[in-house]
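# Fold and contact review
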Amino acid sequence: MNIYKFTIECLQVTIVLETAPAFTLSLELPIASTADVIVLVALFAIARFFTALAGMDIGTAFGGMGSSREMTIASLAEPAMLMAIFTVSLASKSTSLSQMVHVIYSGHSILRPSLAFALFAFILIALAETGRIPVDNPATHLELTMIHEAMILEYSGRHLALIEWANMMKLFLFVMLGAAAFAPWGIAETGDPGAISMAFLFMMMKLSIVGAVLVLIETGLAKMRIFRLTEFLGSAFLLATLGMLSFFILE
Amino acid sequence: MDINIAAQLNSFLAAFVLLTAFGMLVQRRMYGLVHLFAWQGLFLSVNTAVVGFVAGKHHLYISSLLTLTLKVILLPYILHVLIRRLKVHKEVEVVVNIPMTMLIGIALVIFSYYLMSPVTQLSTLVTRSTLAVALATVMIGLLMMITRKHAVTQIIGFLAMENGLFFAATSATYGMPLVVELGVAIDVLIAAFIFGIFFFHIHTTFDSLDVDQMERLKED
Amino acid sequence: MTFTPIEIISSAVLLLFLTILIAPLLRGRQRLLINASFTMASAASLLGLIGGVWVVAGGLTSRIILPVGLPDLPFHLRVDPLAGFFITVISLLSFFVSLYSIGYVKGYIGRRPVTSLAVFYCLFLSGMLMVVLADDALFFLISWEVMAAASYFLVMFEDERIENRRAALLYLVVAHVGAIAILLSFGIMAGLTTGFESFSGYTFDAMRQAEVPLKWSTAAFLLALFGFAAKAGVVPLHVWLPEAHPVAPSNVSALMSGVMLKTAIYGIVRVSFDLLGTFPWWCGAIVLILGLISAVMGVLYALMQHDLKRLLAYHSVENIGIILIGIGLSMVFVSFNMPLLAALGLIAGLYHTMNHAVFKGLLFMGAGAVLHATNERNMEEMGGLIHRMPWTAALFLIGCVSISALPPFNGFVSEWLTFQAFLLSPALPSPLLKLLIPMGAALLALTGALAAACFVKAFGVTFLGQWRGHNMPRVHEADWFMRFGMILGALSCLLLGILPALFIDWMDIIPQQLIGTKTGASSGAYGWLWLTPVARERASYSGMIVFGGILLVVVAAYIILHVKPGTIRRVPVWDCGFGKLNPRMQYNATSFSMPIRRIFGFLFNIRERVQLTPRAIHKAFPKRLYYYLRVRDRFWSWLYKPIVEFSLFLSRYAGRLQQGRIQAYLIYSFITIIVLLVFSR
């Protein structure tokens with residue numbers, strides 16, 4: 001059966017995400033103005049696009065099911081994501097990540113309801129986009145509950161490794177994006193090696209904190225029914241919108 | 001605590017009041033609803049104290065305490081008892097689906113901001129910007145009464161509306177006179193008791209607390 | 001000897017007319033006819049392209065007055081950068097499509113004569129060019145009608161099928177209802193310039209200079225908007241579009257979707273920014289709202305389709321919506337006197353106009369190649385075509401990525417610019433707009449994500465997996481002419497995506513002339529590599545670097561995967577241990593869109609029926625399963641059915657006038673004359 005021909009090519013694109021982590025470490029990298037947050041989100045989208053195509057290529061019911069669900073969830077998460085970006089960019093008057101970090105880092109007010117809302121929304125979106133509980137269960141192989149796993153069910157060996165790696169990178173990037181935008185403490189403001197290595201230490205610390213929180217979430221919650229997700233992602237959209245509204249109303 | 005931080009605290013609490021209002025709008029579980037209501041009361045009470053501090057009005061401390069005892073402890077307790085006695089802690093039936101309700105809620109917030117923006121420009125109080133939030137809370141309470149079928153959720157919606165009004169009073173004029181507030185507090189308490197008694201009666205008569213049953217009272 | 005750009009463009013139109021004259025002479029030799037006429041059409045397009053690019057680059061304005069037409073009402077022709085931009089868009093795509101057609105139309109040889117296709121194709125092209133060239137209401141409307149009529153005949157080309165005739169009729173009706181509105185709008189503007197005294201107000205120059213009262217200009221704008229919206233397929237006037245575009249030959253569908261709709265966009269921009277100049281802010285808001293509704297509804301309807309060309313046609317509705325969002329934002333900013341942001345919105349809209357032309361053309365060409373090879377439009381029967389048609393698949397994929405607004409291709413750039421315009425809306429003074437416009441950005445994000453879902457479906461079901469139909473036909477790859485047309489399209493998608501600063505710098509003269517400010521979005525300050533609308537601190541994007549990064553990663557991954565050749569094994573699918581898989585069990589277009597159909601189901605008119613024929617043993621093991629699904633446009637029953645019924649009702653009454661006796665008719669004329677005489681006394 002020669003049906004895997006295309007996927008090899010499209011899988012490679014799924015690890016495009018590798019280019020992005022540089023953004024989250026330092027403010028002064030020359031590459032930082034290549035892409036703003038909207039471009040970063042679009043990079044996630046391109047990875048998802050090709051993973052979903054990989055799911056369609058295997059020509060089974062499971063692959064298509066995974067792709068279909070993944071794209072549905074993504075399209076519901078997208079407006080919420082944009083609203084969250086919008087809210088943060090209202091405060092920083094920019095969509096460039098380094099500029100956002102800069103403004104929030106040097107911001108005078110800590111108690112900003114808009115940012116708090118945006119953070120909550122971002123957490124919900126990140127859970128959905130990275131396929132964690134309660135949206136998707138990364139550990140399951142139960143037929144009806146798979147989303148991401150269903151897409152990659154037929155892959156093995158290097159390809160599987162590549163996909164899994166890309167998926168973990170996605171999680172890592174979401175964590176770093178959140179950490180950079182909402183808790184930028186410790187990020188390197190200059191490009192010199194000392195500052196960068198300090199920033200690296202801070203990054204490890206933040207990562208372990210988020211990892212612990214993720215464990216708590218995953219042990220405390222159960223996976224949702226797929227059609228409950230409209231409510232879950234609707235809440236994310238609601239939170240992000242409330243953030244935007246409270247920026248205008250309260251700040 | 002300088003006045004700037006107090007103002008920020010005030011708007012932060014206002015945001016949380018709004019959040020709990022939305023939370024109640026979309027919460028399906030009965031106990032969750034009661035807990036959210038208690039949280040809203042807590043935010044309201046803290047906010048009242050903060051405003052009292054900013055404005056230097058000491059009677060607001062009293063109404064803050066009053067809110068705390070009444071809306072955070074007493075009323076939620078009564079509702080808890082009610083729910084347990086009547087065994088109605090199942091999921092709440094909603095009339096309109098939840099994402100739709102959220103969108104209507106957002107529209108209401110925008111609408112109240114639009115309504116209140118001239119007032120906000122006239123006022124000079126530190127708390128003026130929270131007026132729109134207060135109005136929105138009232139409207140969301142009403143929306144909740146419309147979108148829910150169950151009698152207990154309707155009373156919670158009603159109480160949430162009252163919270164909104166109280167919030168409006170604090171932010172628009174630094175609170176009503178103490179006498180009025182005491183009166184309102186006692187009214188709310190009595191209302192809650194009466195509701196409770198009625199619920200028992202409705203429950204024994206119809207064997208349900210679904211307000212759709214009320215349609216049977218209509219004469220043909 | 002020197003040429004002015006307008007002479008070059010006019011000679012392109014003349015070349016097309018020449019082709020129309022020559023084509024019938026060659027009807028005996030169909031192959032030669034195809035080669036000659038489409039080669040000439042592409043030459044004409046190339047001429048138009050040169051002229052258009054030149055006009056915009058130089059910021060030139062030139063005009064010609066032709067001494068033809070009615071007495072005292074000569075035709076005025078004029079190109080300015082706005083017209084030049086649209087001529088560029090039209091010629092660019094028609095160049096690609098004409099090359100493609102040389103290969104594609106040959107598929108009809110032996111099945112039906114293609115003389116009429118060649119003739120109307122050239123007439124259609126010249127009609128579109130003339131619409132943009134026109135500088136007076138009369139010539140504009142004549143060209144508009146030429147374009148509409150030519151495309152009507154093209155839709156009717158395969159007229160033996162009833163659905164084609166029905167679609168063409170619907171198209172003709174909607175086009176003419178729209179044309180009436182445009183006529184009335186021009187009537188208002190022309191009349192007011194001279195106070196309804198003489199006909200001299202029919203030129204666009206006179207309209208530009210006239211001081212029209214706000215009430216009248218609003219009326220003129222709304223009429224024009226209605227007319228152009230009917231042509232552009234804006235929801236709720238879109239119903240003709242998904243009927244007419246798919247049934248036309250694919251090269252014509254590419255042109256209709258890619259550029260004919262853009263003439264309506266041209267009309268809206270021309271009337272609102274140029275001829276009227278002033279309008280109340282809510283006009284912009286109406287355009288914005290129509291754009292948002294079209295974008296979301298268009299993509300949702302597209303998701304429900306399983307006919308490849310119909311799906312693409314609904315995506316045109318979506319993309320017209322996105323273009324209108326940019327233009328609507330620009331209009332709102334203009335009326336609040338914020339020229340810089342208005343320029344950004346306009347550039348976003350126009351850039352998307354160009355992008356959509358290119359990628360939609362490419363996609364329709366790809367769909368045409370599939371249709372050519374398989375004789376199948378229904379995606380449910382397709383699958384696995386990538387093995388038989390690797391070129392088409394790769395080029396179609398580029399189109400899919402572009403239209404899904406994914407970097408580094410062009411669709412993303414214009415959507416990114418639109419988002420930037422949205423993100424700047426908090427600068428508006430009105431509190432209500434400030435809160436409501438960001439909601440539009442959320443809807444746009446939803447649209448983009450749904451479009452991605454839709455094209456995963458379109459590409460995945462058509463090209464990936466295995467053939468779903470019962471017996472696979474002999475599928476062949478597209479020939480080199482078709483491939484070449486598509487390659488050019490894909491290449492321009494990429495170039496427009498990675499070098500946006502160059503192109504935006506080129507077209508920055510348009511907002512300069514219409515609004516008075518450049519966007520400064522691009523090259524000047526930070527070089528051609530960076531696209532920086534407003535300011536570098538605000539936002540920046542470098543398509544080139546993103547493209548480079550992606551390329552690097554892909555190459556790296558390829559090397560990692562293929563470091564040791566022969567280590568990749570291909571084995572039968574596992575499928576959680578279920579062994580008896582057959583190609584009919586793959587996810588298909590209907591099942592792919594099921595979650596979205598369920599979530600957004602309230603927007604459609606859905607009828608779903610499942611019937612099980614039980615087997616004797618137990619009803620859990622059915623013998624046969626019958627599934628019926630019909631998804632309909634709600635607008636049809638909401639809007640069109642009542643209108644149709646009402647007009648039938650009216651015509652029944654009017655029918656009573658028909659007596660069949662000559663005396664009765666004479667009495668009608670007599671009464672009319674008497675009444676007219678009384679009124680005009």
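Just so you know, these numbers come straight off a predicted model, no measurement behind them.

Another aspect to go through is the overall build of chain B. Across its full length, chain B holds seven helices and zero strands. Reading chain B from its N terminus to its C terminus gives the helix and strand order α-α-α-α-α-α-α. For a compact globule of 220 residues, the expected C-alpha radius of gyration is about 17 Å, and chain B comes in at 18 Å, within 12% of that figure. Each principal axis of the C-alpha distribution contributes one length, and for chain B these read about 60 × 35 × 30 Å.

Attention shifts here to the confidence of the model for chain C. Do not read the predicted coordinates in detail wherever pLDDT is low. All names here are of chain C. On average, residues of chain C score 88 in pLDDT, and 98% of them are at 70 or above. Taken element by element, chain C is modelled with least confidence in helix α21 (residues 523–526), mean pLDDT 53, and with most confidence in helix α3 (residues 81–104), mean pLDDT 95. Quick note on the complex model: pTM equals 0.92, ipTM equals 0.92.

Facing 21 residues of chain B, the contacting portion of chain A comprises 17 residues. Among the residues making up the side of chain B that touches chain A, the classes are represented as 17 nonpolar, four polar and no charged.

Counting 384 residues, the largest nonpolar core has Ala80, Ala84, Ala121, Ile125 and Ala240 of chain A together with Leu129 of chain C as its most contacted members. Setting aside chain neighbours within four positions, we find alanine 80 of chain A in contact with Ala121, Ile125, Leu233, Ala236, Phe237 and Ala240 of chain A.

For the rest of this paragraph, the subject is the packing of helix α16 (residues 410–423) of chain C against helix α17 (residues 431–463) of chain C. In a packed pair of helices, the relevant descriptors are the angle between the two axes and the axis-to-axis distance. All names here are of chain C. In the contact formed by α16 and α17, the axes pass within 9 Å of each other and the chain directions differ by 160°. When the axes of α16 and α17 are compared, the pair comes out roughly antiparallel. Considering how the two elements wind past one another, α16 and α17 form a crossing that is left-handed. Across the interface between the two elements, Glu415, Thr418, Phe419 and Phe422 from α16 touch Ile437, Pro438, Gly440, Ala441, Leu444 and Gly448 from α17. Here the contact of α16 with α17 is composed, by residue class, of six nonpolar, three polar and one charged.

Note on backbone geometry: most residues besides glycine have negative phi, and most peptide bonds are trans. For the peptide bond that leads from isoleucine 133 of chain A to proline 134 of chain A, omega is 10°, which places it in the cis range. The residue proline 134 of chain A is located in the loop between α5 (113–129) and α6 (148–151) in this model. Residue proline 236 of chain C is bonded to the preceding valine 235 of chain C through a cis peptide linkage, with omega at 10°. The residue proline 236 of chain C is located in the loop between α8 (214–232) and α9 (240–247) in this model. Despite not being glycine, asparagine 337 of chain C has its phi angle at roughly 60°, a positive value. Secondary-structure assignment places asparagine 337 of chain C in the loop between α12 (308–335) and α13 (339–374). Located in the positive-phi region is alanine 405 of chain C, a residue other than glycine, with phi close to 60°. Relative to the elements of secondary structure, alanine 405 of chain C occurs in the loop between α15 (390–403) and α16. A tally of 29 C-beta atoms within 10 Å means that alanine 405 of chain C is categorised as buried.

About the criteria used
- Residues numbered from 1 in each chain as written.
- Chains lettered and ligands numbered in written order.
- Predicted model: local features only at pLDDT ≥ 70, side-chain atom pairs only at ≥ 80, totals over all residues.
- Helix = DSSP H or I, 4+ residues; strand = E, 2+ residues; numbered from the N terminus.
- Rg over C-alpha atoms; globule rule 2.2 N^0.38 Å.
- pLDDT = per-residue confidence, 0-100.
- Contact = placed C-beta atoms within 7 Å.
- Nonpolar A, V, L, I, M, F, W, Y, C, P; charged D, E, K, R; others polar.
- Core = buried A, V, L, I, M, F, W, Y, C linked by C-beta atoms within 7 Å.
- Buried ≥ 20, exposed ≤ 12 C-beta atoms within 10 Å, placed from the backbone.
- Axes fitted to C-alpha atoms, helices over the stretch in contact; angles between N-to-C directions.
- Parallel < 35°, antiparallel > 145°, perpendicular 65-115°, else oblique.
- Left-handed = near helix turned anticlockwise from the far one by under 90°.

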